[in-house]
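# Breakdown of the fold
For reference, the chains in residue letters:
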Amino acid sequence: AVYNGVSTHFKPISDETELKRVKEKYQLPDDFFFFLGNTDPKKNTKGTLKAFSDFLKENKSGYKLVMLDYDTSELKKILIEIGDKQLINHIVLTGYVVNTDLPAIYSLCTIFLYPSLRESFGIPMLEAMACGVPVITSNTSSMPEVSGDAAHIIDPYKPEEITEGMLKILSDKAYSENLCKKGIERSNLFSWKNMAEQTLVLYNEIKTQHHD
């Protein structure tokens, strides 16, 4: 298997001007978790919102959940299902985000949430890792293989495990820093350069076999 790559503009952003520009452009809060959910059931939006709701009951801090372009009426429907209509006050919907602004959003967030039910690959997880952010992801399909030991792995069908992950990363600084360090190392393995080199090796092997 030759894996997908992560574009080189995904790296930790520390330039204050750039961070401030993106923060103001999308009205981002000071402390937030970032979730790229959409209405596709596999993204586990309901489970993530339930986990975040329970997190706020345990941790009375001002954390918000930043999501992208999500339909507000759909969102309210899910909040009724999980029994927490007030959660809407802790959710920030950014609308459409330009790809080149994503590294700054990853760099600003405290945790990147990627607890999908299944993914064929999971590029956003590696993008977040490349930006030096702790990632919570699932033990299903391609995700444990792609994340290696560089993410906090949970069962996506158990929102309480997502909540536990949030609490652990926030309370255990050494654990969080270790995830960030391993994440950067892990994402380096998935550069487009690596992908091209692996493809070339494969191509040459096939070419040799063909000539034989």
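Residues numbered from 1 in each chain as written. Predicted model: local features only at pLDDT ≥ 70, side-chain atom pairs only at ≥ 80, totals over all residues. Heavy atoms only, no water.

In this section: helix α8 (residues 173-188). For α8, which comprises 16 residues, the first-to-last C-alpha distance of 23 Å matches the rise-based estimate of 22 Å (1.5 Å per residue) to within 8%. Regarding α8, the residues found buried are Ser176, Leu179, Cys180, Gly183, Arg186 and Ser187. In an axial view of α8, the angular spread of the buried residues amounts to 135 degrees, which keeps them on one side of the axis. Counted as exposed and oriented over 90 degrees from the buried face of α8: Ala174 and Asn188. On its buried face, α8 is in contact with α5 (123-130), α6 (143-147), β6 (152-154) and α7 (159-171). (Helix = DSSP H or I, 4+ residues; strand = E, 2+ residues; numbered from the N terminus. Expected span 1.5 Å × (residues − 1). Buried < 20%, exposed > 50% of the residue type's maximum accessible area, 1.4 Å probe, protein only. Arc of directions from axis to C-beta. Contact = heavy atoms within 4.5 Å.)

Across soluble globular proteins, nonpolar side chains have a tendency to be buried as a group. If you look at the biggest cluster of nonpolar residues, it comprises 35 residues, and the most contacted ones within it are Phe34, Ile105, Tyr106 and Phe112. The set of elements that each furnish at least two residues to this core consists of α1 (16-25), β1 (32-35), α4 (102-108), β4 (111-114), α5 and α6. Take this core: its biggest share by element is five residues, from α5. Apart from residues no more than four positions distant in its own chain, Phe34 is found in contact with Val66, Leu68, Leu102, Ile105, Tyr106, Cys109, Ile111, Phe112 and Leu113. Grouped together as the second largest cluster of nonpolar side chains are 25 residues, Phe35, Phe52, Tyr63 and Ile154 included. (Core = buried A, V, L, I, M, F, W, Y, C linked by side-chain atoms within 4.5 Å.)

Once that is clear, we can look at the packing of α7 against α8. A pair of packed helices is captured by two measures, namely the crossing angle of their axes and the spacing between those axes. Here α7 crosses α8 at 100 degrees, and the two axes come no closer than 5 Å. On the basis of the axis angle, α7 is roughly perpendicular to α8. Every residue of α8 that contacts α7 at Lys168, Ile169 and Ser171 is listed here: Lys173, Tyr175, Ser176 and Leu179. Looking at the contact of α7 with α8, its residues break down into three nonpolar, two polar and two charged. (Axes fitted to C-alpha atoms, helices over the stretch in contact; angles between N-to-C directions. Parallel < 35°, antiparallel > 145°, perpendicular 65-115°, else oblique. Nonpolar A, V, L, I, M, F, W, Y, C, P; charged D, E, K, R; others polar.)

All right, on to the state of the cysteines then. For the structure shown, the criterion picks out zero disulfides. The thiol of Cys109 is not disulfide-bonded; the next cysteine sulfur, from Cys131, is found 8.6 Å away. A residue is classified by how much of its surface remains accessible, and Cys109, at 7% relative accessible area, is buried. For Cys180, which is in no disulfide, the shortest distance to another cysteine sulfur is to Cys109 and amounts to 9.4 Å. (Disulfide = S-S within 2.5 Å.)

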